[in-house]
Amino acid sequence: MRRKPQIAFFWLSVLLVALPFLTGAALGNSWVRVLDFALLYVMLALGLNIVVGYAGLLDLGYVAFYALGAYLYAWLASPHFGVHLPFWAVLPLGAALAGLFGVLLGAPTLRLRGDYLAIVTLGFGEIIRIFMNNLNAPVNITNGPQGINLIDPVALGGFRFAGTQQVLGVSLPSTYLFYYLFLAFTLAAIFIAMRLQDSRIGRAWAALREDEVAAAAMGVNTRNLKLLAFAMGATFGGLAGGLFAAFQGFISPESFNLWESILILCMIVLGGMGHIPGVILGAVLLTVLPEALRYIGDWQRHAFGHVYVDPSDLRMLLFGLALVLMMVYRPAGLIPSRQRKREFAAEDGVAEQEQASLYDARG
Amino acid sequence: MDIFTQQLINGLVLGSIYALVALGYTMVYGILELINFAHGEVTMIGAMVALSVIGLLMGAAPDLPGLMVVLAGVLVAIPACMLLAFAIEKMAYRPLRKAPRLAPLITAIGVSIILQNAAMLIWGRQYVSFPRILPEARHELFGAHITDLQIAIVALSLLIMAGLWLLVQKTRLGRAMRATAQSKEVAALMGVNVDRVISATFVIGAALAAVAGVLVSAYYGLAHYYMGFLLGLKAFSAAVLGGIGNIAGAMLGGLLLGVIEALGAGYIGDLTGGFLGSHYQDVFAFFVLILVLVLRPSGLLGERVASRA
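Residues numbered from 1 in each chain as written. Chains lettered and ligands numbered in written order. Predicted model: local features only at pLDDT ≥ 70, side-chain atom pairs only at ≥ 80, totals over all residues.

A. The overall build of chain A, seen in detail. Broken down by element type, chain A carries 14 helices and 8 strands. Partitioning the contacts of chain A with sequence separation of at least 6, the portion at a separation of at least 24 is 74%. (Helix = DSSP H or I, 4+ residues; strand = E, 2+ residues; numbered from the N terminus. Contact = placed C-beta atoms within 7 Å.)

B. Spotlight on the overall build of chain B. Check the secondary structure of chain B and you find 11 helices and 4 strands. Seen along its three principal axes, the alpha-carbon backbone of chain B occupies a region of about 60 × 50 × 35 Å. Residues counted as buried form 52% of the 309 residues belonging to chain B. Of the contacts made within chain B by residues no fewer than 6 positions apart, 76% connect residues no fewer than 24 positions apart. (Buried ≥ 20, exposed ≤ 12 C-beta atoms within 10 Å, placed from the backbone.)

C. Helix α7 (residues 200–210) of chain A, seen in detail. Within the span of α7(A), buried status applies to Ala204(A), Trp205(A), Ala206(A), Leu208(A) and Arg209(A). Buried-residue contacts for α7(A) involve α2 (30–54), α8 (212–217) and α9 (222–248) of chain A.

D. Expanded view of the nonpolar core. Counting residues in hydrophobic clusters, the biggest one holds 216 residues, and the most contacted among them are Ala45(A), Cys266(A), Met267(A) and Cys81(B). The element best represented in this core is helix α1 (residues 3–32) of chain B, accounting for 17 residues. Not counting the four nearest positions on each side in its chain, Ala45(A) is found in contact with Ile264(A), Met267(A), Ile268(A), Val279(A), Gly282(A) and Ala283(A). (Core = buried A, V, L, I, M, F, W, Y, C linked by C-beta atoms within 7 Å.)

E. Molecular detail of the packing of helix α3 (residues 63–76) of chain A against α9(A). Residues and elements named next belong to chain A. For the pair α3 and α9, interaxial distance at closest approach is 6 Å and the crossing angle is 45°. On the basis of their axis angle, the class for α3 and α9 is oblique. Where α3 crosses over α9, the two elements pack in a sense that is right-handed. Contacts from Phe65, Tyr66, Ala67, Leu68, Gly69, Ala70, Tyr73 and Ala74 in α3 reach Ala234, Gly237, Gly238, Leu239, Ala240, Gly241, Gly242, Phe244, Ala245 and Ala246 in α9. Each residue belonging to the contact of α3 with α9 can be placed in one class, and the counts come to 13 nonpolar, 5 polar and no charged. (Axes fitted to C-alpha atoms, helices over the stretch in contact; angles between N-to-C directions. Parallel < 35°, antiparallel > 145°, perpendicular 65-115°, else oblique. Left-handed = near helix turned anticlockwise from the far one by under 90°. Nonpolar A, V, L, I, M, F, W, Y, C, P; charged D, E, K, R; others polar.)

F. Highlighting the environment of Leu135(A). Residues and elements named next belong to chain A. Mapped onto the secondary structure, leucine 135 falls in the loop between α5 (114–134) and β3 (148–149). Among the residues examined, leucine 135 registers 19 C-beta atoms within 10 Å and is labelled partly exposed. Sequence spacing of leucine 135 and proline 145 is 10 residues, and the spatial spacing of their C-alpha atoms is 9.4 Å. Here leucine 135 is in contact with Ile141 and Thr142, once residues within four sequence places are set aside.

G. Looking closely at the pairing of strand β2 (residues 138–141) of chain B. Residue and element names in this part refer to chain B. Across 4 bridges, β2 lies against strand β3 (residues 144–147) in antiparallel orientation. Pairing of leucine 141 across the sheet is with alanine 144, part of β3. A loop of 2 residues connects β2 with β3, the two strands running antiparallel in sequence, and phenylalanine 142 in this loop sits at a positive phi of about 50°. (Pairing = 2+ DSSP bridges.)

H. View of helix α6 (residues 174–198) of chain A. A rise of 1.5 Å per residue sets the reference length of α6(A), with its 25 residues, at 36 Å; its end C-alpha atoms lie 36 Å apart and thus fit the reference within 8%. All of the buried residues in α6(A) are Ser174(A), Thr175(A), Tyr176(A), Leu177(A), Phe178(A), Tyr179(A), Phe182(A), Thr186(A), Ala189(A), Ala193(A) and Gln197(A). (Expected span 1.5 Å × (residues − 1).)

I. Broad picture of the confidence of the model for chain B. All names here are of chain B. Of the residues in chain B, 94% have a pLDDT of 70 or more, and the chain-wide mean is 85. Least confident of the elements in chain B is β2, whose mean pLDDT is 77; most confident is helix α8 (residues 194–220), at 92. Confidence metrics for the complex model read pTM 0.81 and ipTM 0.79. (pLDDT = per-residue confidence, 0-100.)

J. Highlighting the confidence of the model for chain A. Of the residues in chain A, 86% reach a pLDDT of 70 or more, and the chain-wide mean stands at 80. The low-confidence segment residues 357–363 of chain A, where pLDDT is below 50, has 5 contacts with residues more than four positions distant or belonging to other chains.

K. Looking closely at the environment of Thr109(A). Relative to the assigned elements, Thr109(A) resides in helix α4 (residues 87–109). By the C-beta count within 10 Å, which is 22 here, Thr109(A) ends up buried. Separated by 90 residues in sequence, Thr109(A) and Ser199(A) place their C-alpha atoms 25 Å apart. When near neighbours in sequence (up to four residues on either side) are disregarded, Thr109(A) contacts Leu117(A), Val120(A) and Leu293(B).

L. Here's a closer look at the packing of helix α5 (residues 148–170) of chain B against helix α6 (residues 172–182) of chain B. Residue and element names in this part refer to chain B. In contact at an axis separation of 5 Å, α5 and α6 are set at 75° when each is read in the N-to-C sense. By the angle class used here, α5 and α6 are roughly perpendicular. Every residue of α6 that contacts α5 at Leu167, Val168, Gln169 and Lys170 is listed here: Leu173, Gly174, Met177 and Arg178.

M. Region of the structure containing unusual backbone geometry. Not every positive phi belongs to a glycine, and Glu33(B) is a case in point at roughly 55°. Judged by local crowding, Glu33(B) falls into the partly exposed class, with 15 C-beta atoms found within 10 Å.

N. Focus on the environment of Pro95(B). Residues and elements named next belong to chain B. Its location among the elements puts proline 95 in the loop between α3 (66–93) and α4 (102–123). Classification of proline 95 by C-beta neighbours within 10 Å gives partly exposed; the count is 17. Each C-alpha atom of the pair proline 95 and leucine 189 lies 21 Å from the other, and the pair is 94 residues apart in sequence.

In C-alpha cells form, the structure reads like this:
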C-alpha cells in the first residue's frame, strides 16, 4: 500500500515528460503549442487562485499583472529600447514589479468589501490597458496598439530555446523546448501553491475568507495577509507574463484585455476554487477545449459547405454559460476541496448572516 | 467658442445618460447588495433592439417622421429589456440569493459575457450606425453650441428621473421597495412580496437602461455589441460616487461624472503639457471610482458605510 503513491508519481512523471511527443504524434505539432499555453494558464490560474481561492478576494484585473510582467520583459530584452538583459535577470524583475503593483493596488482597496474590490481591480485592469494602448506618443514607451516585437529569444547559459535544438541526440523544435521550460516553472508554482496552502499563512487566509471578523479576533493580521495574497498572486502573474513574452517574441495590448482575466477566473471556478488539482484541471480544460471547438467550424464547412457560426465567437458564449451553470448547479467546481463543498452547501449561509448582523450593529 | 461651457454642456448630456444607467445599479444594490454586472449589457441590448426596429421601420415606411421612428424603437426596446432583466434575475441571481457573496457576482459576469456574445452573433462585430433621422438644429447657449438632441437627452432623462422619484416615494410599490431595501425579512413579515419587489426593481432598472441605450447610441451615432461594458462600468462608478443604494445619489453621481469626464478630457492635454491626450477620457471614471472608495466609500449622499468583509 505504501508504495502506491510513489508508483503513481513515477508514471505521472513519465507521462509529463512524454506528453509533447505523444501529442505531437497523435494530433500534430500545433497541439504542442496548445500544451505550452495550457501550462502558462495553469501558472496564471494558480496565481489567481491564491487571491480568489485562498483569501477570497475577487480580483477581476488579474491580467494587468500578467501584462506588467510581459511588458517589462519586452522593455528589457528587445530592440525597443535597445536593452538586452538575459532571461534569468528579467524574469524575477517582472515578477517583482507585478508584486509591487499588487501591493500598491491592494493597499487602498482592501479596506473595502469584496465586491467593491472586484470593481476596482476591474478598473485597474482597464487603466493599464488604456495606458498600454496610448503610451506611444509623445514618448514611445509601449508602442501603442502595434505592441512590441522582436523580443529576444530565451537563452539559458548558451542554450537557446528558439529554433530546433539537439538534446541528447533528439532534435526538439522550440515548442517542445518551451514545454519543458514551462513544465519546470509550473511544477515549481504547484509546489509553492501547495506549501502556501498548508502553511500558517494559508490557514490564516482560509480563516479570513470564511469569516473576517472571527479571523481578526483570533489574532490574524487581516490587512497584511490580504496584501500578501495580492502580492503573491500578482507575482505569479508577472512571472507568467515574462514567460509569455519570451515564448511569443511579440506582445500587444490585445493579449491583455478583460476577457483574459475572466477566462482565468473561469478556470478556477470551473475546476474548484481553492483546490489545486481542480484549478489545474480547469486551466487545462479551458485552454484545450476552445482549440477543440475549432473542429466545429470544419464540421460546419463539411456539412453545409459554409461556416454559419464562427467557433471563436461561440467560445466566450460557452464560457459565460459555463460560469452561470457552474455557480447555480455545482458552485464548488468540478473537483471541489472538501472544505469548499461544505461552505457552499451550508443551508443558508449562517456565517454570512452572523457577519452581516455584526456589521449592522457596528455601523 | 467658450471651451469650458461647451465641455460643461457635453458633460451634462453624457452625465444624464450615465445617471439613467446608474439608477439601475443603485436600485438593485440597494435591495440585494449585488453588483448587477449585466446591467451595462442590458443597456446595449436596448440600443441594438431599438436600432433593429428603426431599420425595419425605415425600410417599411420611409415617409414616417424620424422622431416617430425612433420613438417606436424605444417603445419596443423597453419591454424587450424588461423581459430580459426579469429572466436574468429569475435564472441567474434568484437561485443564489443565499449563496456566498462571490457566487452571484460570478454569475453576473457570466450573464454579461453571454449577452455580449449573443449580441455579437445576432448583430455582428461591426458598428451599427444610428440613422440621421432626428432634427439636428444647433443653438447658441452662453457662447457654446447645444443641439436639439442634447436638449432632448437632458430633458428626457430629468423627466424619467422625476418619474422614478415619484414612483419610489409615492406609490405602494415604491414603499415596498424601500422597505425591502431596509430589511428583506421584516418587509416580508409586513406582507411585502419580496420576490416580486426584487423582480420589479430589476425590470424598472432595465426600462431606464433601454432608454439610456437608445439615447447614447443616438448621441454617438452608433451602437456596438461591446458598448455596454464601458458604459456600465462608468455608470457603476457614478452610482458609487453618489453613494450606492441612494437614488438621488445615482442621479447626482451620473451628472457629476459626466462633467468630470468632459472637463478632464478637455483639459488633460494642457495640464500634462501634451503628454496625455483626450483619449485618456475613459480613465477618469476609474480614478474617480478609486478615489471615492478610498476617501469616502459611502459616496456623496450615502449614509451606510461600506463594511470590510
